[in-house]
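Results of the structural survey
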Amino acid sequence: MKDIKEILNLPVVSIQDGEEIAIIKSVMINCESKSVEYLIIEKKDNRQIFLEAIPYSEIIGFGCYAVTVDSSLSVMSFDLLKLDEKQFKKHDDIVAQKIITQLGDYVGVVLGFDFDENSGDINSITYKDNTTQNKKVDRANLLTIGYKLLVIKSQEKDYIVKRNRNNSKNYDNQGYEKKSDYQELDNILDEEISLVIGKTISTDLYDYEGNRLLKSGTVISEKDIENIRKIKENLVYELLSSV
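Residues numbered from 1 in each chain as written. Predicted model: local features only at pLDDT ≥ 70, side-chain atom pairs only at ≥ 80, totals over all residues. Heavy atoms only, no water.

1. Quick word on the overall build of the protein
Check the secondary structure of the protein and you find 5 helices and 17 strands. Split into buried and exposed, the 243 residues of the protein put 48% on the buried side. Considering only intrachain contacts with a sequence separation of at least 6, the fraction spanning at least 24 residues in the protein is 48%. Surface summary for the protein: the accessible area is close to 13000 Å², and the carbon and sulfur share equals 45%. (Helix = DSSP H or I, 4+ residues; strand = E, 2+ residues; numbered from the N terminus. Buried < 20%, exposed > 50% of the residue type's maximum accessible area, 1.4 Å probe, protein only. Contact = heavy atoms within 4.5 Å. Areas by Shrake-Rupley, 256 points an atom, 1.4 Å probe, with all protein chains shown as cover.)

Structure, rendered in structure tokens:
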């Protein structure tokens, strides 16, 4: 199994060419099959930078140093994919999405996932609830990767938010949290942002049209984050993963 964070920013090596041809920037998830369908890569050519894609079927192997493909012919233009945004999502688009049970209980927010290198199938989703420890929900209990929500089975008590019935200030008489999931989501994001302000970004940050927003080596400021959030909220999480 591979954690998604282990492959981000790894080089892609062409076996036939014997050279690094790109850097992995993200992955595209097929929400219906719950699997990784494409690697989204950053490729440089004549000092220009392009976002392109590699179909998962073209991957030879995932190593600690690099991901390998047979040749540069494995790469295709990202613009040619024309994917339905409700069926396909970038990994950074599901990070921080809310998770609920099929009965409507709030569970937490997505932090990441791990997947099977051979098939690309998502094995489990890592999430954060009110506790200090990260938790996981496995594939068998993952019902839906939706446009705005992930839905999981509700019969397993370990997948429901821990409720402290002794704290009357934070819980109602049925043991359900009074704090909204939106507030919880904002708190988590604000906490992560506060940790990276003043730090240096390790790789260039681009929007989804290939425009560079921040150059590698830039010291991150509050103004940078404010500008990025105006473009798209999920780009903030891509920024956080690049520090």
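2. Thoughts on the pairing of strand 13 (residues 134-138)
Because side chains alternate across strand 13, one face comprises the buried residues Lys135 and Val137, and the other comprises Asn134, Lys136 and Asp138, none of which is buried. In the sheet, strand 12 (residues 122-128) pairs with strand 13 via 5 bridges, with the strands oriented antiparallel. Within strand 13, the position partnered with Tyr127 by the bridge is Lys135. (Pairing = 2+ DSSP bridges.)

3. Regarding the environment of Leu103
Its place among the elements puts Leu103 in the loop between strand 10 (98-101) and strand 11 (106-115). Sequence-wise, Leu103 and Val151 are 48 residues apart; in three dimensions their C-alpha atoms are separated by 9.3 Å.

4. Overview of the confidence of the model for the protein
A low pLDDT means the predicted coordinates there should not be read in detail. Residues at a pLDDT of 70 or more form 82% of the protein, whose mean pLDDT is 82. Predicted confidence in the protein is weakest over helix 3 (residues 181-196), with a mean pLDDT of 65, and strongest over strand 7 (residues 67-69), with 97. (pLDDT = per-residue confidence, 0-100.)

5. Some details on the pattern of salt bridges
Using the criterion set out here, one finds 6 salt bridges in the structure. Taking the shortest distance from any N to any O, the salt bridge between Lys135 and Asp129 comes out at 3.1 Å. (Salt bridge = Lys/Arg side-chain N within 4 Å of Asp/Glu carboxyl O.)

6. Considerations on unusual backbone geometry
Even without glycine at this site, Asn9 takes up a positive phi of about 75 degrees. As for its placement among the helices and strands, Asn9 is situated in the loop between helix 1 (4-7) and strand 2 (11-14). Residues other than glycine seldom take positive phi values, yet Ala96 does so here, at roughly 80 degrees. You can see Ala96 is positioned in the loop between helix 2 (91-94) and strand 10.

7. With respect to the environment of Lys153
When you line up the elements, Lys153 lands in the loop between strand 15 (149-152) and helix 3. Residue classification places Lys153 among the partly exposed positions, given a relative accessible area of 26%. Sequence spacing of Lys153 and Thr101 is 52 residues, and the spatial spacing of their C-alpha atoms is 5.6 Å. A polar atom in the side chain of Lys153 sits 3.3 Å from the backbone oxygen of Ala140. (Polar contact = N/O pair within 3.5 Å; in protein donor to acceptor, adjacent residues only side chain to side chain.)

8. Regarding the nonpolar core
Leu39, Phe113 and Ile125 are the most contacted members of the largest nonpolar core, which totals 35 residues. Considering each element in turn, this core owes the most residues, 5 residues, to strand 3 (residues 19-30). Beyond its immediate chain neighbours, meaning those up to four positions away, Leu39 contacts Ile7, Ile24, Ser26, Val27, Glu52, Ala53, Ile54, Ile59 and Val67. Formed by 12 residues, the second largest nonpolar core is a distinct cluster that contains Val196, Ile228, Leu235 and Val236. (Core = buried A, V, L, I, M, F, W, Y, C linked by side-chain atoms within 4.5 Å.)

9. A word on helix 4 (residues 222-231)
Restricting attention to buried positions, one finds in helix 4 the residues Asp224, Ile225 and Ile228. Burial along helix 4 is one-sided: seen end-on, the buried residues are contained in an arc of 95 degrees. Turned more than 90 degrees off the buried face of helix 4, the exposed positions are Glu222 and Lys230. (Arc of directions from axis to C-beta.)

10. Description of the environment of Lys223
Mapped onto the elements, Lys223 comes out in helix 4. Distance in space between the C-alpha atoms of Lys223 and Ile197 is 9.8 Å, their sequence separation being 26 residues.

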